[in-house]
Amino acid sequence: MQSPNLEIVEVGPRDGLQNEKTIVPTAGKVAYIEALVAAGLRRVEAVSFVHPRLVPQMADAEEVMARVPRIPGVRYAGLVLNARGLDRALAAGVDEVNVVVVATESFSQRNQGMAVDEAVRGFGVIAGRAHDAGLGVTLTVAAGFGCPFEGEVSPARVAELVRRCPGADEVAVADTIGVGVPADVRRVTAAVREVSQAPLRFHFHNTRNSGYANALTAWELGAAALDSSAGGIGGCPFAPAATGNIATEDLLYMLHRSGVTTGIDLAATLSAAALIEERLGTQVPAQLGRAGTWPG
C-alpha cells in the first residue's frame, strides 16, 4: 500500500518550540524556518495562534509570519483552537490551518478549555470560514492513542470524532504523549478508513522509543504525510512528561534508506537542527547529529 513518495510536515517551529523552556526570539525562529525551507521542507507548521499567557513561546506568531520566506510551493500552517485563533491566522497570512479536537474530555479541558462537543462544533465553523478564505484545513485528533488523564483511547473513539468533523482536507491523528505502538497504528488506521477517505497524516512523539516504528508502519499503511521536528524538540505544555517529536533528520535517514523519495536534503536538515540546538543552548534529542549519517 505504501507510496514511494511521502510528505513530511515540519512542526519544529511550532510543536517543537512550544514546549522548550528557552523562548527563542523571533529572529531565531525565522532563521530556523529559513534553514528548514532551504533544506527542501515544503510544509512547515510555523506558529500557533493561542493565548500568549498559555503558550508564551508562541506569543510572536504574527511577527514570525510577517518574516518567513515566501517561496512558491512552500506552505505555512498555523495551529488554531477557536474562532479568535482563526481570526489571527487569517490576518497573519497562513496557507493552511491545523484545527485540534482532543479525544478525551479531561485533556480537552486542559488543552483548550472546552468540552469535546464544543470543540467539534467549533471545528465546523472554523473549517467553513477557512475554506471560504481559500485555506487548507487539517483536522487533528489529539491524544488519539492515549490520554495522560484518562488512559487508553480506543480507535473507535478516534473514528467517531473524524466522522463528526467532516470537511477536512486532511485527517491527522496525534500520539500526543507517545504511548502508541505499530499495532495501535494499524488499528487506528483501519478505524479511520471506515469513516473517511481523506488523506491520512500522523503525528508521533518518541516518548517511549516507539515513534519511528510507528512512522514506518504508518507509511507502509499508506499514510500521505508524517509530522516531524528537526532536532526532535517539542512536546505538549498541557501533557505531563510529553517529550519531543520524532526528529526530521532521524526520520529522513530511515525513509531514504527505505527507498522513499522526500525531496528533502538530509545534510541541510542536520544544519537546521544544529542551528536550533545552538539557539536553545541545550543538546537536542535527535540521534543522527551525534551518530552521523551512514555510510559516512
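Refer to the structure printed above.
Residues numbered from 1 in each chain as written. Predicted model: local features only at pLDDT ≥ 70, side-chain atom pairs only at ≥ 80, totals over all residues. Heavy atoms only, no water.

Draft legend 1. Broad picture of the overall build of the protein. Looking only at helices and strands, one finds twelve helices and ten strands in the protein. The C-alpha extent of the protein, read off along each of the three principal axes, is 50 × 40 × 35 Å. A separation of at least 24 residues holds for 73% of the contacts in the protein among residues at least 6 apart in sequence. Put simply, the protein shows about 11,600 Å² of open surface, and 52% of that area lies on carbon and sulfur atoms. Across the protein, 25 positive and 31 negative side-chain charges occur, with their mean positions spaced 2 Å apart. (Helix = DSSP H or I, 4+ residues; strand = E, 2+ residues; numbered from the N terminus. Contact = heavy atoms within 4.5 Å. Areas by Shrake-Rupley, 256 points an atom, 1.4 Å probe, with all protein chains shown as cover. Lys, Arg positive; Asp, Glu negative; His and termini not counted. Charge placed at Lys NZ, Arg CZ, Asp CG, Glu CD.)

Draft legend 2. The nonpolar core, seen in detail. Residues Val 97 and Phe 202 are the most contacted members of the largest nonpolar core, which totals 97 residues. The leading source of residues in this core is helix H6 (residues 116-132), at seven residues. When neighbours within four sequence positions are excluded, Phe 202 is seen to be in contact with Phe 145, Val 173, Val 185, Val 188, Thr 189, Ala 218, Ala 223, Ala 225, Leu 226 and Asp 227. (Core = buried A, V, L, I, M, F, W, Y, C linked by side-chain atoms within 4.5 Å. Buried < 20%, exposed > 50% of the residue type's maximum accessible area, 1.4 Å probe, protein only.)

Draft legend 3. Representation of the pairing of strand S1 (residues 7-10) in the model. Pairing geometry for S1 and strand S10 (residues 225-228), over four bridges, is parallel. If you follow Val 9 over to S10, its bridge partner there is Asp 227. Direction of pairing for S1 relative to strand S2 (residues 43-49): parallel, over a ladder of two bridges. For Val 9, the partnering residue across the bridge sits in S2 and is Arg 43. (Pairing = 2+ DSSP bridges.)

Draft legend 4. Geometry of the sheet that holds strand S5 (residues 136-142). Pairing is parallel in the closed barrel, where eight strands are placed in the order S1-S2-S3-S4-S5-S8-S9-S10. Recorded for the sheet is a direction-independent mean angle of 30° between the axes of neighbouring strands. Pairing between strand S4 (residues 96-102) and S5: seven bridges, direction parallel. For Val 97, the partnering residue across the bridge sits in S5 and is Val 137. Seen against the sheet, helix H4 (residues 83-92) touches S2, strand S3 (75-80) and S4 and runs at an angle of roughly 130° to S2. Docked against the sheet, helix H7 (residues 155-164) engages S4, S5 and strand S8 (170-175), running at close to 150° with respect to S5. (Axes fitted to C-alpha atoms, helices over the stretch in contact; angles between N-to-C directions.)

Draft legend 5. Examining helix H9 (residues 211-220) more closely. Counting buried positions over the ten residues of H9 gives seven, a clear majority of the element. Those residues of H9 that sit buried are Gly 211, Tyr 212, Asn 214, Ala 215, Thr 217, Ala 218 and Trp 219. On its buried side, H9 packs onto S8, helix H8 (182-193), strand S9 (200-204), S10 and helix H10 (248-257). Of the residues one or two after H9, Gly 222 is the one with positive phi, at around 100°.

Draft legend 6. Summary view of the packing of aromatic side chains. In total, this model carries four aromatic pairs according to the counting rule given. Ring centres of Phe 107 and Phe 149 lie 5.9 Å apart, and the angle between their planes is 65°; on these two criteria the pair is classed as edge-to-face. One end of the pair, Phe 107, is in helix H5 (residues 105-112); the other, Phe 149, is in the loop between strand S6 (146-147) and strand S7 (151-152), with 42 residues separating them in the sequence. Relative accessible area serves as the criterion here: at 1%, Phe 107 is assigned to the buried category. (Phe/Tyr/Trp six-rings, centres within 6.5 Å; stacked < 30°, edge-to-face > 60°.)

Draft legend 7. Structural view of the layout of surface pockets. By volume, the second largest pocket amounts to about 150 Å³. Grouping the constituent residues of the lining of the second largest pocket by class yields five nonpolar, seven polar and one charged. (1 Å grid on protein atoms, 1.4 Å probe; cavity = no way out; pocket = protein on both sides within 12 Å on 5 of 7 lines; lining within 4 Å. Points joined across faces, edges and corners; volume = space filled by probe spheres on them. Nonpolar A, V, L, I, M, F, W, Y, C, P; charged D, E, K, R; others polar.)

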